[in-house]
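Residue strings, one per chain:
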Amino acid sequence: MLHRMKETDKYIVNEIFYSLQGEGYYTGTPAVFLRFSGCNRRCSFCDTDYQSGIEMSADEIADACSAYPAKHLVATGGEPLLQLDSALLRKLKAKGFYVQIETNGTLPAPPEVDWVTCSPKEAPWAIDRVDELKIVYQGVDVEETAAIFGTPLRYLQPCSGVNVHETIDYILSHPQWRLSLQTHKLIDIK
């Protein structure tokens, strides 16, 4: 099993910003995004700078996130579960946040997480719960992977927008899937 990289009471944060959730079940929801640095995968299609960041305490993070009006928080990365822990989640919950994570599924989620969006890339997986499955479609059958996670909320997302028609064709042949587009990119917001 892969292990968390956090060893201090500080977290390495890439950025905190306010926008609309652009993908999956919560598309269009105003949200505070807490993007952690670090990842345990090197996906060729990744569009995130997850290697840079600054050290912040749990209190600093909770205060920075509270500067925005929304109480929906999306913890993302890189891989947020390399750092996101119960101590930080308790601080965020004390500020009234509903916490959604976007994870590659390689680590278990702390119990304080409200919603788990899993976008698995390759095994091994250790996530213990998945509320929605979002797979970046790369032209291969995804039914075996979906069966492992067992959630009825299944989304396919075109890979960097280059295979939209192929993704749509797969969904039309497999109607248990829904299309997830990166709407934040389509409407040119962060």
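Everything discussed here concerns the structure shown above.
Residues numbered from 1 in each chain as written. Predicted model: local features only at pLDDT ≥ 70, side-chain atom pairs only at ≥ 80, totals over all residues. Heavy atoms only, no water.

A. Here's a closer look at the overall build of the chain. Of regular secondary structure, the chain possesses five helices and nine strands. Counting only residues that meet the buried cut, the chain has 49% of its 190 residues in that class. Taking the intrachain contacts of the chain between residues at least 6 apart in sequence as the baseline, contacts between residues at least 24 apart amount to 57%. Counting only carbon and sulfur atoms, one obtains 53% of the accessible surface of the chain, whose full area is about 9,100 Å². (Helix = DSSP H or I, 4+ residues; strand = E, 2+ residues; numbered from the N terminus. Buried < 20%, exposed > 50% of the residue type's maximum accessible area, 1.4 Å probe, protein only. Contact = heavy atoms within 4.5 Å. Areas by Shrake-Rupley, 256 points an atom, 1.4 Å probe, with all protein chains shown as cover.)

B. Expanded view of helix α2 (residues 86–94). Where α2 is concerned, the buried positions are L88, L89 and L92. What you see down the axis of α2 is that its buried residues fit within an arc of 100 degrees, all on one side. Positive backbone phi, at 90 degrees, marks G96, one or two positions downstream of α2. (Arc of directions from axis to C-beta.)

C. Fine view of the pattern of salt bridges. In the structure shown here, the tally under the stated rule is nine salt bridges. The residue K95 makes a salt bridge to D63 at a minimum N-O spacing of 2.9 Å. On the criterion of sequence distance, the pair formed by K95 in the loop between α2 and β5 (98–103) and D63 in helix α1 (residues 58–66) is long-range, its members being 32 residues apart. For K95, a relative accessible area of 32% gives the class partly exposed. Judged by relative accessible area, which is 45%, D63 ranks as partly exposed. Here R129 and D131 are joined by a salt bridge, their closest N and O atoms 3.0 Å apart. (Salt bridge = Lys/Arg side-chain N within 4 Å of Asp/Glu carboxyl O.)

D. Seen up close, the sheet that holds strand β3 (residues 54–57). With mixed pairing, nine strands are arranged side by side in an open sheet as β3-β1-β2-β4-β5-β6-β7-β8-β9. A strand with exactly one partner marks an edge of an open sheet, and here the two such strands are β3 and β9 (178–179). As judged from the two bridges shared by strand β6 (residues 115–118) and strand β7 (residues 132–137), these two strands associate in the parallel manner. By the bridge assignment for β7, T117 is matched with E132. Against the sheet, α1 makes contact with β1 (10–20), β2 (30–36), β3 and β4 (72–76), and its axis sits at roughly 90 degrees relative to β3, the strand it touches most. Contacts between helix α4 (residues 164–173) and the sheet are confined to β7, β8 (154–158) and β9, with β8 contributing the most and set at about 155 degrees to the helix. (Pairing = 2+ DSSP bridges. Axes fitted to C-alpha atoms, helices over the stretch in contact; angles between N-to-C directions.)

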